[in-house]
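# Breakdown of the fold
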Amino acid sequence: MLQTASAPSLREETASLLRSLGLHETSFTGGGREVRSPITGEVIASVPETTADEARATIGRAHEAFLKWRAVPAPRRGELVRLLGEELRTAKADLGRLVTIEAGKVISEGLGEVQEMIDICDFAVGLSRQLYGLTMPSERADHRLQEQWHPLGTVGVISAFNFPVAVWSWNAALALVCGNALVWKPSEKTPLTALATQAILDRAIQRFGPDAPEGLSSVLLGDAAVGEALVDDARVPVISATGSTRMGRIVGQRVAARFGRAILELGGNNASIVTPSADLDLTLRAVAFGAMGTAGQRCTTLRRLIVHESVHDALVERLARVYRGISVGSPVAGDALVGPLIDRTAFDGMQKALEAARAAGGTVHGGERVDVNGEGSFYVRPALVEMPAQTGPVVEETFAPVLYVLKYRTLEDAIALQNGVPQGLSSSIFGTDIREIEAFLSAAGSDCGIANVNMGPSGAEIGGAFGGEKETGGGRESGSDAWKAYMRRQTNAINYGRSMPLAQGVKFDV
Ligand code: NAD
């Protein structure tokens, strides 16, 4: 008789993935903090919490490591990041699967997150031979003026649950080639992917050899209190914090109080404008992914759709059909496009927003709970909400799949609506009228850090600088010249002559 082995539980699968990624059993069992998978709500591991003393000691070790690492030539530091990219390629399937289990992302998004880590490593390797400073003409004879970029110290990374590993890599790959050490405080909801990522980096460090000092990169586990230990420590000159605006308001002020540098990547409330000349088939596909992908739990998720009155009804009718038919389900059983919310709090927040939308005159399609894996997990049908005006919950970020639809008459009105919220992360326009598109991209157009054309606001590539304005915090990470935030700029004036002229013609003869 044939015996069919039953599929392993998520807990067993998690343990097996963590072991194969190089973790010892003791690091993910028997700790004080339970880790749950949003897929079923079951406990999949328990991890220890970092004490304040341990956090201080770790930061001290990172500082000592920095003092050595800064002296390693930048292209050689790039070699460590190249090895990290190699290790990530090897670990991609396992780490991607772990992202799915711990954060609830569908399989292709879990893998996509690891691909993003690989991409930023490649970018940083090239960068390690650049880190250019300018040379400027001096106003004085026999003088030279130039700038150099030097390492800064330890970079503290605080990350959110929804990109549990990619955000760390944007910071880590750049910080390492820039000559800094790292201390990472991941979300308390996703410690396992963080421990696995640290183990992957440890393997790269081992292959790199003794030039990489002990303590170069570490993880602190716990909640806001552990994060604050990092935020308040003067031995950490840069804090890169990704999460809610509520968190950023606290962290930004505390870091400023000690004159540290904060890179803040906070909440978004992203909009797309659909103009009369838009290709509606393309728009429909982009809106579906932008608003429902990752179950609406991306900082760049499309939350407001601002549609010209001439195409509004046709688009909403088609969208409502897509919303009714979208597959909601477990990311590890089938090929659903929308996975679970992270937890009950997220579900309650979504329901509260929908109630507020109804109270403000909105018409809600969808938004109800879908029973996929019982009481402990929170799956929802994404909600499409027709709103009479941009009021109530529309100006807030609700971290769930809720798309508010608004109607507009003139492009000026549409841009005013787009900009009329406190957040300023990502935005987009759909259309083929070059005048409207360029007006949207101009200084008088979108006020966001990201402005896309004929695509949704989410799904950024690593080559560009990522981040947003206003309550999104103003930070930039990843590509372009975002690396400059991880270094200090030193301006050098060099006199290679025999006289000593002063700048601005000042005379001081002694
Ligand atoms: P959160 O603010 O609850 O937590 C984020 C991180 O901050 C966690 O590690 C948490 O422990 C830590 N933290 C919270 N309070 C702190 C404090 N006072 N001091 C130090 N650390 C503190 O956010 P979340 O629910 O994990 O993530 C969702 C939010 O993150 C959304 O608002 C989303 O838009 C935002 N986000 C922004 C970006 C971006 O790049 N702009 C990217 C991903 C997520």
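Residues numbered from 1 in each chain as written. Predicted model: local features only at pLDDT ≥ 70, side-chain atom pairs only at ≥ 80, totals over all residues. Heavy atoms only, no water.

## Observations regarding a nonpolar patch on the surface
Here is the rule we go by: What goes into a patch is any residue over 30% in relative accessible area without a salt bridge, connected to like charges within 9 Å or, for nonpolar side chains (Val, Leu, Ile, Met, Phe, Trp, Tyr), within 5 Å. Throughout, the Shrake-Rupley method with a 1.4 Å probe supplies accessible areas, and for residues the shown protein chains are the sole cover considered. The salt bridge criterion pairs a side-chain nitrogen of Lys or Arg with a carboxyl oxygen of Asp or Glu, the two atoms within 4 Å. Helix and strand assignments come from DSSP, with helices taken as H or I runs of at least 4 residues and strands as E runs of at least 2, each series counted from the N terminus. Buried residues are those whose accessible area, probed at 1.4 Å on protein chains only, stays under 20% of the maximum for their type, while exposed residues exceed 50% and partly exposed ones sit between those limits.
Together, Met500, Leu502, Val506, Phe508 and Val510 make up a nonpolar patch on the protein surface, roughly 600 Å² of accessible area in all. Within the fold, Val506 resides in the segment after strand S23 (487–495). For Val506, a relative accessible area of 45% translates into the label partly exposed.

## Some details on the domain arrangement of the protein
Applied cut-off: An automatic or database domain assignment supplies the residue ranges for each domain. The contact criterion used throughout is that any non-hydrogen atoms of two residues lie within 4.5 Å. Summed over both partners, the accessible area (1.4 Å probe) lost when two parts come together is defined as the buried area.
Per the domain assignment, the segments making up the protein are domain 1 (11–266 + 475–490) and domain 2 (270–461). Measuring from the centre of the C-alpha atoms in domain 1 to the corresponding centre in domain 2 gives 30 Å. On the side of domain 2, 23 residues touch domain 1, which itself brings 19 residues to the contact. Counting the surface lost from both domain 1 and domain 2, the interface buries some 1700 Å², and carbon and sulfur atoms represent 60% of this. On inspection of domain 1 and its partner domain 2, the count reaches two salt bridges.

## Side note on the packing of helix H3 (residues 74–103) against helix H5 (residues 166–177)
What counts, and what does not: Here the axes come from fitting lines to C-alpha atoms, over the contacting stretch only for helices, and the angles between their N-to-C directions go from 0 to 180 degrees. Oblique is the label for any angle not under 35 degrees, not over 145, and not in the 65 to 115 range, which are roughly parallel, roughly antiparallel and roughly perpendicular in turn. Throughout this entry, Asp, Glu, Lys and Arg are counted as charged residues, while Ala, Val, Leu, Ile, Met, Phe, Trp, Tyr, Cys and Pro are counted as nonpolar. The remaining residues, Gly among them, count as polar.
At a minimum axis distance of 8 Å, the contact between H3 and H5 shows a crossing angle of 150 degrees. The angle between H3 and H5 falls in the class roughly antiparallel. Each of Ala74, Arg77, Gly78, Leu80, Val81 and Leu84 in H3 lies in contact with H5, whose residues at this interface are Trp168, Ala173, Leu176 and Val177. In the contact of H3 with H5, the residues fall into eight nonpolar, one polar and one charged.

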